[in-house]
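Inside the fold
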Amino acid sequence: MIEQVLYGAVRGGTSLLFPVLGETIAERAGVINLGTEGSMLAGALTAYIVGVQTGSVWLGALAGAGAGASLALVHAFMVLTRGANQIATGLVVTFLGIGLTALFGQEWVGVGVNGFGAVAIPVLSQIPVVGRVLFDQDPLTYLSLLAAPAIWWLLFRSRAGLRLRAAGERPDVLLAHGGSPTLVRYVAVVAGGALAGLGGAQLSTAFTRDWSEGMTVGRGFVAVALVIFAAWNPLRAIGGAYLFSGAIALQLQLQARGWELSPYLLQAAPYLLVIAVLAVLSRRRAHQAPEALAKVF
Amino acid sequence: MHISRTPIRAGLLALIAALALVAGACGDDNGGTAADAGADGDVTVGFIFVGPKDDFGYNQAAYEGSEAVAEAFPDIEVLQAENVPETAEAEAGMQNMIDQGADLIFATSFGHLEFAANMAEQNPDVVFVHQGGLKDDLELDNLGTFFGTVYEPVYTAGIAAGAASETGKVGYVYAFPIPQTLANINAFTLGAQSVNPEIETITVATGGWCDPAQQAQAAQSLIDEGVDVLTQHQDCTKTIVEAAEQAGIYSVGYHADASSLAPEGWLTGSEWDWADLYVDIVQTVIDGDFVGSAYNGDFRVGLQTGDNPFVQSTFGPAVSEETQALIDEARQSFIDGGSPFSGPVSDQGGVVVWAEGEQPTYDEVETMDFFVEGVVGSTN
């Protein structure tokens, strides 16, 4: 059962890991983007449509990332150029994503897509337990597992990352050094949206192979909460995404094994877990948040 | 069938629906008002749906029924509102239709009932019919409920599942343990057990009518448990059918014919065909015969009383002729007055609920609160 829960955690966690990574980048640059849910939906639908139309799931994933980035660009324009409130704008962007995808997704409900399948990595996938859990997944899951350390390196070991973090901590210092906090934040928010879109693409073309209206069902918001859990660290984001997804996998496994527990209670368990974790960690995390987060520059 | 969506989704839908209603109100100014509808005898019929008209499921079927009404009565005006939540927002949506001259309103989701009942009390000149509810002791001349006997084709689909299963384990993915779902799961199990008494139905709840990610996980957990047939009571049904096909096991559909998604493993399913019933209700209201008619109460139609609007989907290649004969036999027994729940039926604890020779009333089926013997899962 442990293997099955871990397998489910990774398989279902990818569509969370991408948006958590994306939101981490945006928040490290000082912008909260609650439009993540909208970007995920835009990515899910666009990847689905392009995947069906072209027959190439990779083109679909690319288009999904582009769609997520486009919605994030709306958020960036509103909060960075127009100085709008980040929380309110993010929510409106999410509603925009829900509405637009509902409209344009109508004729794609029930259409089959030839999505990403699992690709077993030779030799490694033969390792007991770990093999199935980590090395017998879809290509976008591998990509997310490579993206996390890459983004960590980018943020904490590269010059570009230093500037990005400066935009989120001390934008005036970045400005004094001749940088443009606004430009850096634009790039961070749009890149974050692209990752959220990729998460949506994994959800629709790899994990569920389905498009249905509002199919993310709040995962974008869960991702925003998990960023705090992960202390704005891309490596810890892996743990956050898999913990939440693993909790879902666990409660479904318990149901299938005939545990006499209320399905209502089991359904609430993953969210209770997130709240409990935030309650324990938040006071500590408050000091770890980027100093200029959500502040208009 | 809906009690509620997850809170986030419900909130989002409420907002979208509010916007949609505003847009609808602005766009339909030329649609006539209550005053002129009454004056020149024009008939206007409104439909509210809880979800999108193209969900490949429950709401799409209801929407297609409303389109059939428009086709059958070219002279009447048909108003349609999608994504109407199961909150007071529904009353605003129905009021909007009344303002546009609606004489008859179909409230098509389970949770619309109390709002339809409120509106019926306030608007005695407008007829309200609710899909799926039981109005209990509300005696109004302008209110009724209607539904099919959902569990009949679900039982016969269970026969196909029981005959196809080799492991003796079938999986059921559902949203919430509400009476209609419990009746479906029980009917499916009893149908399967009529072929193979050892059949176990393993149930997993997703906590939502359409959450494909949870569906994919739920399907996986059932496959891990060794089920070789997957079925469901969900609004969007594609993920689970695809998951079954990919795992090389059988699938039974719900709400929509998904046989094209699972050419190998598709057994059969159940789907709605509301056209005839909707048209007959509209005709009854046009003729002025609604008061005191069957539709002015809790109308239920099953194989015994007429054409059940819930019909069997096409059969897949794995359903043998012998199995189809068994299904025909069961169907005939329902036409002759039998029930999928004809005794003996025992609950999970082995306690006899309906003894040999007994069978439940419609009311008892629609308030079912237990799993039958052979179902793995919890009802509360």
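Provided above is the structure to which this section pertains.
Remember, predicted model here, so these are calculated numbers, not experimental data.

Here we take up the overall build of chain A. Helix and strand counts for chain A come out as 12 helices and two strands. Along its sequence from the N terminus, chain A presents helices and strands in the succession α-α-α-α-β-α-β-α-α-α-α-α-α-α. Here the C-alpha radius of gyration of chain A, 19 Å, is about what a compact globule of 297 residues would show, namely 19 Å. Oriented by its inertia axes, the alpha-carbon framework of chain A measures out at about 60 × 45 × 40 Å. In chain A, which comprises 297 residues, the share counted as buried stands at 59%. The positive charge centre, built from 18 side chains, and the negative charge centre, built from 13, are 12 Å apart in chain A.

Going residue by residue along strand S3 (residues 104-107) of chain B, you find Leu104 and Phe106 of chain B tucked away on one face and Ile105 and Ala107 of chain B tucked away on the opposite face as well. For the handedness criterion, the β-α-β arrangement of S3 of chain B, helix H5 (residues 113-122) of chain B and strand S4 (residues 127-131) of chain B is classed as right-handed.

All names here are of chain B. The omega torsion of the bond from Gly343 to Pro344 falls at 5°, within 30 degrees of zero and hence cis. With respect to the element layout, Pro344 can be found in the loop between helix H11 (321-335) and strand S13 (345-346). The backbone of His255 shows a phi angle near 75°, a positive value even though the residue is not glycine. For His255, the position within the fold is in strand S9 (residues 250-255).

Residues and elements named next belong to chain A. Considered for burial, the residues of helix H7 (residues 159-169) that qualify are Gly161, Leu164, Ala167 and Gly168. Projected onto a plane normal to the axis of H7, the buried residues spread over an arc of 115° and lie on a single side. Structurally, H7 contributes buried residues whose contacts are with helix H1 (2-28), helix H6 (139-157), helix H8 (171-176) and helix H9 (181-207). The N-capping residue of H7, defined by a side-chain oxygen 3.0 Å from the backbone nitrogen of Gly161, is Ser158.

One finds Phe106, Phe146 and Phe341 of chain B to be the most contacted residues of the largest nonpolar core, which totals 68 residues. Top contributing element to this core by residue count: helix H6 (residues 151-164) of chain B, with eight residues. If you count residues domain by domain, this core takes at least three from each of domain 1 (2-147 + 273-300) and domain 2 (151-264 + 311-376) of chain B. If we ignore the near neighbours within four places in the chain, the residues touching Phe106 of chain B are Val45, Gly46, Phe47, Ile48, Val129, Phe146, Tyr278, Ile281 and Val282 of chain B. Judged by nonpolar contacts, the second largest core, of 66 residues, contains Leu17, Phe229, Trp232 and Ala237 of chain A.

Moving on to the packing of H6 of chain B against helix H7 (residues 179-195) of chain B. Residues and elements named next belong to chain B. Orientation of H6 relative to H7, taken along the N-to-C sense of each, is 40°, at an axis distance of 6 Å. The orientation of H6 with respect to H7, classified from their angle, is oblique. Seen from above, H6 lies across H7 with right-handed handedness. Residue-level inspection shows Tyr151, Val154, Tyr155, Ala157, Gly158, Ile159, Ala161, Gly162 and Ala163 of H6 in contact with H7, the latter providing Ala183, Asn184, Ala187, Phe188, Leu190, Gly191, Ala192, Ser194 and Val195. A breakdown of the residues in the contact of H6 with H7 according to their chemical character gives 13 nonpolar, five polar and no charged.

Here the focus is helix H3 (residues 58-72) of chain B. Owing to its 3.6 residues per turn, the α-helix brings residues three or four apart onto one side. Counted at 1.5 Å a residue, the expected span for H3 of chain B with its 15 residues is 21 Å, and the 21 Å between its end C-alpha atoms agrees. If you check which residues of H3 of chain B are buried, you get Tyr58, Asn59, Gln60, Ala61, Ala62, Tyr63, Gly65, Ser66 and Val69 of chain B.

Moving on to the pairing of strand S8 (residues 229-233) of chain B. All names here are of chain B. Of all five residues in S8, five are buried, a share of seventy percent or more. Going residue by residue along S8, you find Val229, Thr231 and His233 tucked away on one face and Leu230 and Gln232 tucked away on the opposite face as well. Strand direction decides the pairing type here: strand S6 (residues 169-174) and S8, joined by five bridges, are parallel. When the bridges of S8 are listed, Gly171 appears paired with Leu230. Handedness of the crossover is the feature at issue here: the chain leaves S8, passes through helix H9 (residues 238-247), returns alongside S9, and the resulting connection is right-handed.

Now for a negative patch on the surface. All names here are of chain B. A cluster of acidic residues, Asp136, Asp137, Glu139, Asp141, Asp298, Glu358, Asp363 and Glu364, forms a negative patch at the surface. The topology assignment puts Asp137 in the loop between S4 and strand S5 (143-148). Its relative accessible area of 69% is what places Asp137 among the exposed residues.

So, on to the sheet that holds S3 of chain B. Residues and elements named next belong to chain B. With respect to topology, six strands assemble into an open sheet ordered S2-S1-S3-S4-S5-S11, the strand pairing being parallel. Both edges of this open sheet fall to strand S2 (77-81) and strand S11 (298-301), since each of them pairs with a single strand only. Strand after strand, the sheet turns through a mean of 20° between neighbouring axes, direction not considered. Running over the sheet, helix H4 (residues 89-99) touches strand S1 (44-48), S2, S3 and S4 and is turned about 160° from S1. In the packing of helix H10 (residues 275-286) onto the sheet, the strands contacted are S1, S3, S4, S5 and S11, and the crossing angle to S3 comes to about 150°.

Of the residues lining the interface, 45 residues belong to chain B; the matching set on chain A comes to 43 residues. With both chains or domains summed, chain B and chain A bury close to 3,700 Å², and 57% of this area falls on carbon and sulfur atoms. Counting the contacts that link chain B with chain A gives two salt bridges. Put simply, Arg132 of chain A and Asp224 of chain B hold a salt bridge, and the shortest N to O gap is 3.9 Å. Applying the counting criterion to the chain B and chain A interface returns 12 residue pairs in polar contact (both at pLDDT 80 or more). Taken together, the elements giving at least two residues each to the side of chain B that touches chain A come down to helix H1 (7-27), strand S7 (200-205), helix H8 (212-224) and H9 of chain B. Looking at which element gives the most residues to the side of chain B that touches chain A, the answer is H8 of chain B, with 10 residues. For the side of chain B that touches chain A, the residue count by class is 22 nonpolar, 14 polar and nine charged.

Conventions we followed
- Residues numbered from 1 in each chain as written.
- Chains lettered and ligands numbered in written order.
- Predicted model: local features only at pLDDT ≥ 70, side-chain atom pairs only at ≥ 80, totals over all residues.
- Heavy atoms only, no water.
- Helix = DSSP H or I, 4+ residues; strand = E, 2+ residues; numbered from the N terminus.
- Rg over C-alpha atoms; globule rule 2.2 N^0.38 Å.
- Buried < 20%, exposed > 50% of the residue type's maximum accessible area, 1.4 Å probe, protein only.
- Lys, Arg positive; Asp, Glu negative; His and termini not counted.
- Charge placed at Lys NZ, Arg CZ, Asp CG, Glu CD.
- Right-handed = clockwise from strand over helix to strand, strands pointing away.
- Arc of directions from axis to C-beta.
- Contact = heavy atoms within 4.5 Å.
- Polar contact = N/O pair within 3.5 Å; in protein donor to acceptor, adjacent residues only side chain to side chain.
- Core = buried A, V, L, I, M, F, W, Y, C linked by side-chain atoms within 4.5 Å.
- Domains from an automatic or database assignment.
- Axes fitted to C-alpha atoms, helices over the stretch in contact; angles between N-to-C directions.
- Parallel < 35°, antiparallel > 145°, perpendicular 65-115°, else oblique.
- Left-handed = near helix turned anticlockwise from the far one by under 90°.
- Nonpolar A, V, L, I, M, F, W, Y, C, P; charged D, E, K, R; others polar.
- Expected span 1.5 Å × (residues − 1).
- Pairing = 2+ DSSP bridges.
- Patch = residues over 30% accessible without salt bridge, like charges linked within 9 Å, V, L, I, M, F, W, Y side chains within 5 Å.
- Areas by Shrake-Rupley, 256 points an atom, 1.4 Å probe, with all protein chains shown as cover.
- Salt bridge = Lys/Arg side-chain N within 4 Å of Asp/Glu carboxyl O.
- Buried area = accessible area lost by both parts, 1.4 Å probe.

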